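Chains, contacts and geometry: an overview
Below are the chains, spelled out letter by letter.
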Amino acid sequence: MFRYTLRQVLHFVAIADHGSIRAAAEATHVSQAGLSLALTELEKALGVQLAVRQKAKGITLTSAGHRFLADARMLLRRADDLQATTAESPDALAGPLDLGCYSTLADFWVPPITAGFAAANPHLSLTITEGPPLQLQLDMLEGRLDAVLTHTRHVVDGAEYQVIREGRPYVLVGAMHRLAGRSGVRLAELADDDMVLLNIPTVRDNQLPNLRASGLDPKIAWRSTSFEAVRGMVARGLGYTVLVQRPPLDVSYEGLPVVPLPIEGPIGHSDICFAYPARQKLSRKLQALVDYCAAYSPPVGP
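Residues numbered from 1 in each chain as written. Predicted model: local features only at pLDDT ≥ 70, side-chain atom pairs only at ≥ 80, totals over all residues. Heavy atoms only, no water.

**Re the overall build of the chain**
The test is simple: Put simply, DSSP H or I for four residues or longer makes a helix, DSSP E for two residues or longer makes a strand, and each gets a number counted from the N terminus. A 1.4 Å probe rolled over the protein chains alone gives each residue an accessible area, and that area as a share of the maximum for its type sets the label: buried under 20%, exposed over 50%, partly exposed in between. The contact criterion used throughout is that any non-hydrogen atoms of two residues lie within 4.5 Å. Charge convention: Lys and Arg are scored as positive, Asp and Glu as negative, and His as well as the terminal groups of each chain are ignored. A charge is said to be at NZ when it belongs to Lys, at CZ for Arg, at CG for Asp and at CD for Glu.
Helices and strands together make up the secondary structure of the chain, namely 9 helices and 13 strands. Overall, the chain is about 75 × 45 × 35 Å in size when its C-alpha atoms are taken along their principal axes. Looking at the 302 residues of the chain, the share that counts as buried comes to 48%. For the chain, the proportion of contacts with a sequence separation of at least 24, taken over those separated by at least 6, is 71%. Across the chain, the 29 positively charged side chains and the 30 negatively charged ones have centroids separated by 5 Å.

**Quick look at the sheet that holds strand 4 (residues 124–131)**
Applied cut-off: Note on pairing: two strands pair once DSSP finds at least 2 bridges between them. For helices, the axis comes from a line fit to the C-alpha atoms of the stretch in contact; other axes are also lines fit to C-alpha atoms, and the angle between any two N-to-C directions lies between 0 and 180 degrees.
If you walk across this open sheet you meet the 5 strands as 4-3-5-13-6, and the pairing is mixed. Of all the strands in the sheet, just strand 4 and strand 6 (159–165) have a single pairing partner and so form its edges. Averaged over all neighbouring strand pairs, the angle between strand axes comes to 25°, with direction disregarded. Here strand 3 (residues 95–102) runs beside strand 4; their pairing, made up of 8 bridges, is parallel. Bridging across to strand 4, D98 finds its partner in T127. The sheet strands contacting helix 5 (residues 103–118) are strand 3, strand 4, strand 5 (147–151), strand 6 and strand 13 (272–277), and the helix crosses strand 4 at an angle near 175°.

**Remarks on the nonpolar core**
What counts here: The criterion is simple. A nonpolar core is a set of buried Ala, Val, Leu, Ile, Met, Phe, Trp, Tyr and Cys residues joined through side-chain atoms within 4.5 Å.
Of all hydrophobic cores here, the largest spans 57 residues; its most connected members are W109, L149, V171 and F274. With 8 residues, helix 5 is the single largest residue contributor to this core. Of all hydrophobic cores here, the second largest spans 20 residues; its members include V9, F12, A14 and I15.

**Digging into the environment of V290**
Here V290 shows up in helix 9 (residues 284–295). With 17 residues separating them in the primary sequence, V290 and C273 have C-alpha atoms 8.6 Å apart. Residues within four places of V290 in sequence aside, it is in contact with Q162, I164, F274 and L282.

**Considerations on the packing of aromatic side chains**
Heads up, the condition is: Between the rings of Phe, Tyr and Trp (Trp by its six-membered ring), a pair exists once the centres lie within 6.5 Å; its type follows the angle of the planes, with under 30 degrees stacked, over 60 edge-to-face, and the other angles tilted.
Scanning the entire structure with this criterion turns up 5 aromatic pairs. On the basis of an interplanar angle of 25° and a centroid distance of 6.3 Å, the ring pair of Y292 and Y296 is categorised as stacked. Taken together, the ring pairs in this structure connect W109, F117, Y292 and Y296 into an aromatic cluster.

**Focus on the pattern of salt bridges**
Note the cut-off: The term salt bridge refers to a pairing of a side-chain nitrogen on Lys or Arg with a carboxyl oxygen on Asp or Glu at a separation within 4 Å.
On inspection of all chains with the given rule, the structure shows 13 salt bridges. Between E142 and R144 there is a salt bridge, with its nearest N and O atoms 3.5 Å apart. For the salt bridge of R186 with E189, the shortest nitrogen-to-oxygen distance reads 4.0 Å. Take E189: its relative accessible area is 18%, and that puts it in the buried class. Put simply, D17, R73, E142 and R144 are held in one network by salt bridges that share partners.

Dropping the structure here:
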């Protein structure tokens, strides 16, 4: 017999999320006395102190409380998943599915996931949170997200992943660049050229070391945090860039042509993947999403 109930776990998570019993009571419409009793009974059942009650200051989780919180969130997700799956037909995908998506991947993957996958499964309640991959994966390991769409180079300790698309970098140049007519380019040929950098932490921390390890020390002349602004500056002839994601149309927002060039020679990959907590069996709906994305072919422009 279990010594605690799902309701006690639910109330504990509410208290932890809101920082105090009073705030949790207001949010959940449960009495403060009821929440306080649930926390006390849960601690008694587990044999550990989960939180320190501080008068007028709310609660502070103990180290045991922090550890239990991540497991508690996952337990509630599994319970919700089981209830939804049982309530619908055996073939239906149902219940909540909370994803994180690395912001630079969102333009390419959120539309097909929402329109191609979620819309085809109306009993599925899908939410997507965009942001930096590290923070999203920390939220995932704390039980706030089921999985995170990111690059393999970004996967953190405590997570495993399934690759859905190869992420081999390529060089992008303007139509008037001296190498624009080539079928490929060696990185050493760009040693004296200016680079337009996609200036986000994951690129600075992963792509630049990757390029240097592959024999190119970039001369960074321009920077932008916008993917399309970088492509636009390349189209204007301000330099080359190195990207992983490739839109189906090789034009900038201004309608100016850009030319993608495969990199000849060795270059580190940063494949696109779904990261999820290690040693955790993927739910049927999450595995279905992974399979859908692995099979998805983006439209090809004219």
